[in-house]
Amino acid sequence: MRILDIAKTALSFASGDQVDVLVHHNDYSLTRFANSYIHQNVKENSIDVTVRVVRDNRQGIAQTNIVDPESLKEVARKAGEIADLSPKNPVEIKLPKPAEYTAIGKPDEATISLTPEARADAVAQMVNYANPLGLTLAGAYSSGSGSLAIVNSNGLEAYNEFADAELKVTAMSEDSSGAAGFWTPRVSEIKPLEVVKEAAGRAINSKKPVEIEPGEYEVVLLHYAVAELISMMNWTGISARAAEEGRSWLANNIGKKILSDKITIVDDPFDPRSSVRPFDFEGFPKSKMALVDKGVPVDVVYDSYFATKTGHKNTGHALPASSGGHPLALNVVVEGGTSTVDEMISKIKKGVLVSRFWYTNIMRPLEQEFTGMTRDGLFLIENGKIVSGLRNMRVTDSIIRIFAGVEEVENVTRYHDGIVAPAMRSKGIIFSSKTKF
Amino acid sequence: MKDLVERALRKARLEGASYGDIRLITETSEHVSAKDGVIKAIVSDSSVGFGIRVIADGAWGFSSSSTVTPDEIDKVAAEAVAIAKASAKVTHDPVKLAEIKIHVDDVPSGISDDPRKVPLEKKVALALDATRSMEAQGVIARNANVYNSYQEKHFGSTEGAMIRQEKIESGAGMEAYASDGKTFVKRSYPQSFGGDFARLGWSFVENMDLPGNGKRVSQEVLALLKAKPCPKGRKDIVIDGAQMALQVHESLGHPTELDRVFGTEAGYAGKSFMMPDMLNKLQYGSKIVNITADATIPGAFGGFAYDDEGVKAKRVFLVKDGLFVGYLDSREDAAKLGMKPMGAMRASSWARIPIVRMVSVNLEPGDLTFDQLIGGVQDGIFMATTLSWSIDDHRLNFQFSAEIGWEIKNGKLGEMIRTPSYTGITPEFWNSCDGIGNRDLWHVWGVPNCGKGEPSQIMHVSHGTAPTRFRNIEVGVGS
């Protein structure tokens, strides 16, 4: 509970109409491998303290990573000084009141104490599997633990500990690659051999890739690809700030059926497959919230500032005050369906399977038109079967259009890129150009 | 500080490191952001910490901490060595470092108009004035930000290096949004990504004259809503300096990073098409294309006196007369090619290990005026300010779009075009370059958000560019 003490100490030094203090401790390690050997192996131990002081509805924020009493006193003084210099905010700043939080239990001890030796052993196990197949491996095996404490002058006190681990592997042959990953709060669930087999399978099956012409193709998107598209939708348009700034695809379409009725998206802070969070970065309690219900957008997410400004209820999606106010959903879950990936493939006469995307970027936020490349496993489907690997292609299309065309959703959902998602089959994805590998 | 540096190196050796270095960093920053005439946040940040990098049993280890005490230095040094020994369980050839000249030096910031001495009220007033200057009916949101930072870094190595460097950074920018409910557009000044940045003082910010540009920005964002969409097909294009910075960054900066070439970023940031057997053979661009990596440019956001391996900053050619001639490298990667390191190893903080990064990577100026660049186009588009960007993981197929464009008809700028886009394959694109703006049009753009590495490292880099002309390029991709 040391960081809670640090938070309380900093709070005691700060003076204002309202004050909150956020302290984040992070102990993180990562073993990175490439060309089938470990080339980077790092460890970080850090504490960050953020003090927000509100005086006469003027706000000041100061941060430090030095936690001796003098430094805490200084950061509290600095936040007050900045508040005095800030113009008065026309929207009343109302920090959350004390609340009860859902108990989430202690983080997994084995994950907290994972050693560099254990991570190296896992890499060795995977390399020993891939070498005889003529594949080289690259990737990262990370583990981290930490804690978050938030206190404010209303008497709010929130404290949470967490731990997680993630293994990501890319297997490569001369002319192909495949990737796989697994994230978990319980490191015992990571099975390095299973992860490398998944990546290696895609690399082997996409050898000697052939070319197809740009155009529209029926498509199976693996859960990695779905998560990457949903992540873009989240970052660019599921926030009250995006709505206020006229760039939210979701706010523009609340109540209208714009996606397939097979798509339901929620923000579930207690989904055990993601990083469980009982409160947001202001200490406001979190709860499950519908974002899209059977293809119909429901609502964007709010923090205390946007809740006061708009009269909407606070949904518990504040980021740290230093972010400048951009509420964000951090536990997005796309609900599963009833099909398997093989069943989806079997229904396609001519189409493609996209394993994942790379370097995607939104071109037009309201239409969710994006561009990006395929990567690590693009496959040609003919007559219900995968017949070969494909050279990578550039997609330029609307995510809304792709998800409007979804006809099947996988019966399993998995975590990737901060999103829990299933695979999906859509009537069409538009490839705009080719590349050379 | 010197005592702590020496203590870390002693401890690393004692634990069995054959090489070790430490970076001990103190940083402060101040960031004022305003929106619609109201302050969104004023954040003052201070940070201290150190990272120790070692080679033991022929492999790398790295550990870091924000607790700067002798005991913690000992603990972290021992951790770094233990981690290196774990790395050695799955190793390749033992790590070899190219030899370098060892430096003992002290490098002050050299900035006379230190932005830390500028009253906060002045920065607040500037950010507010900037958002007010963009006020106009139909403009939905107006954002502005003002930034400055200070860093003191001590570097020491078991080879005897002992370098103290100071760095002061300043930056600012603003943007306006508009939407008619169906189309969303934005206009930024002076560039996207929060504006322009440099290792310079307060006058760099003042010279941008944010408020003086607000009216134009708001007029342009409103005009964009009614502007015609980008035509589809092949056109000659002229790209402004700000978007050229991104073009250089993505299609030349990243693929010349030697760690990518050797596959050590393959699991994340990707590889490169610019392999060593192409060095001095690949005609990367047309004869007028000269691209340098130059960390010595005064004030350049990607510049420094020494990189994070203690290599003194240099100016080298990556592309000379269109020919691919050089890489961005590290001591380890340079040794693999038998080259002398050019000094591009950089870490984004004390908690991160140095990796190969861009410095200031620059398209050297040509000899044309802006009127000559435009005047040489019969039917084309002039594109300005980055909007979206994407490139494949070998850095070949790219597609970029700009916030704004104008038709070029018979050598003159014509009607406005909304969010023009263009696409191409890197060497084909650069070989179609037939005109580069002269030194009067050349500016070193600061880029604050170059991402690479795991765990993620956001690096400050820069690109000197001028408006540049390309022939017969595919434009108007998408709707």
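Structure: see above.
Criteria and cut-off values
Residue positions are given per chain, counted from 1 along the sequence in the order it is written. The lettering of chains begins at A and the numbering of ligands begins at 1, in the order of writing. Since the coordinates come from a predicted model, pLDDT governs what is reported: local features require at least 70, and pairs of side-chain atoms require 80 or more to be given and counted, while whole-chain, interface and lining totals use all residues. Calculation of side-chain values draws on the structure's entire complement of heavy atoms; hydrogens and water are dropped beforehand. When DSSP finds two or more bridges between two strands, those strands count as paired. The helix and strand labels rest on DSSP assignments: H or I over at least four residues marks a helix, E over at least two residues marks a strand, and numbering proceeds from the N terminus. In what follows, a contact means two residues having at least one pair of non-hydrogen atoms within 4.5 Å. Axis definition: a line fitted to C-alpha atoms, over the contacting stretch in the case of helices. Angles run 0 to 180 degrees between N-to-C directions. Here is the rule for angles: anything less than 35 degrees is roughly parallel, anything more than 145 is roughly antiparallel, 65 through 115 is roughly perpendicular, and the remaining ranges are oblique. Here is the rule for handedness: rotate from the far helix to the near one, and if that takes an anticlockwise turn smaller than a right angle the crossing is left-handed, while a clockwise turn gives right-handed. Throughout, the accessible surface (probe 1.4 Å) given up by two parts as they are put together, summed over both, is called the buried area. We count a salt bridge whenever a side-chain nitrogen from Lys or Arg sits within 4 Å of a carboxyl oxygen from Asp or Glu. Three classes are used: nonpolar for Ala, Val, Leu, Ile, Met, Phe, Trp, Tyr, Cys and Pro, charged for Asp, Glu, Lys and Arg, and polar for all others, with Gly counted as polar. Per-residue accessibility, obtained with a 1.4 Å probe over protein chains only, is compared with the maximum for each type, and a residue is labelled buried under 20%, exposed over 50%, and partly exposed between these values.

Draft legend 1. Quick look at the sheet that holds strand β12 (residues 315-320) of chain B. Residue and element names in this part refer to chain B. Spatially, β13-β12-β11-β16 is the arrangement adopted by the four strands of the open sheet, whose pairing is antiparallel. If you trace the sheet from one side to the other, it starts and ends with β13 (323-324) and β16 (361-363), each paired once. Both strand β11 (residues 291-294) and β12 contribute to a ladder of four bridges, which runs antiparallel. Each bridged residue has a counterpart across the sheet, and for Thr292 the counterpart in β12 is Phe317. In the packing of helix α6 (residues 241-253) onto the sheet, the strands contacted are β11, β12 and β16, and the crossing angle to β16 comes to about 115°.

Draft legend 2. Structural detail: the packing of helix α4 (residues 116-130) of chain A against helix α2 (residues 70-87) of chain B. It is at 9 Å that the axes of α4(A) and α2(B) come closest, and there the two elements cross at 15°. Looking at the two axes, α4(A) sits roughly parallel to α2(B). Taken as a pair, α4(A) and α2(B) cross one another with a handedness that is right-handed. Contacts between α4(A) and α2(B) involve Pro116(A), Glu117(A) and Ala120(A) on the former and, on the latter, Ala82(B), Ile83(B) and Ala86(B).

Draft legend 3. Representation of the interface of chain B and chain A in the model. Across the contact, 83 residues belong to chain B and 76 residues belong to chain A. Here chain B packs against chain A, burying approximately 6,600 Å² in sum over the two surfaces, 52% of which is carbon and sulfur. A per-residue breakdown of the area chain B buries against chain A is headed by Val90(B), Phe184(B) and Glu454(B), which together make up 10% of the total. Inspection of the chain B/chain A interface yields nine salt bridges. Ranked by the residues each element gives to the side of chain B that touches chain A, the list is headed by strand β2 (residues 38-56) of chain B, at eleven residues. Along the lines of polarity and charge, the residues of the side of chain B that touches chain A split into 35 nonpolar, 30 polar and 18 charged. Note: strand β2 (residues 37-55) of chain A against strand β3 (residues 59-65) of chain B, two bridges, orientation parallel. Residue pairing in the sheet places Val42(A) in a bridge with Phe62(B) of β3(B).

Draft legend 4. Quick look at the pattern of salt bridges. This structure, assessed with the given rule, holds 76 salt bridges over all chains. One salt bridge in this structure joins Arg77(A) and Glu81(A), with 2.9 Å as the shortest N-O distance. You can see Arg77(A) and its partner Glu81(A) sitting in helix α2 (residues 69-85), four residues apart, about one turn around the helix. Taking relative accessible area as the criterion, Arg77(A) reaches 42% and is therefore assigned partly exposed. We note a salt bridge from Arg164(B) to Asp106(B), for which the minimum N-O separation is 3.0 Å. Placement of Arg164(B) in strand β6 (residues 162-179) and of Asp106(B) in strand β4 (residues 104-107) is noted, with a sequence separation of 58 residues between them. Residue classification places Asp106(B) among the partly exposed positions, given a relative accessible area of 44%.

Draft legend 5. The arrangement of the environment of Ala384(B) in detail. Residue and element names in this part refer to chain B. By secondary structure assignment, the location of Ala384 is in strand β17 (residues 379-391). Note: C-alpha distance between Ala384 and Thr419 (35 residues apart in sequence) is 9.2 Å. Among all residues touching Ala384, those that are not within four sequence positions of it are Arg187, Asp240, Ala402, Glu403, Ile404 and Trp406.

Draft legend 6. Structural context of the pairing of strand β24 (residues 468-475) of chain B. Residue and element names in this part refer to chain B. With six bridges joining them, strand β10 (residues 233-239) and β24 adopt antiparallel strand pairing. Residue pairing in the sheet places Lys235 in a bridge with Ile473 of β24. Inspection of the sheet shows strand β20 (residues 421-425) paired to β24 by two bridges, in the antiparallel sense. Looking across to β24, one finds that Tyr422 is bridged to Val475. Where strand β21 (residues 433-436) lies against β24, three bridges are found, and the strand directions are antiparallel. Following the sheet pairing, Ile436 is matched in β24 by Thr468.

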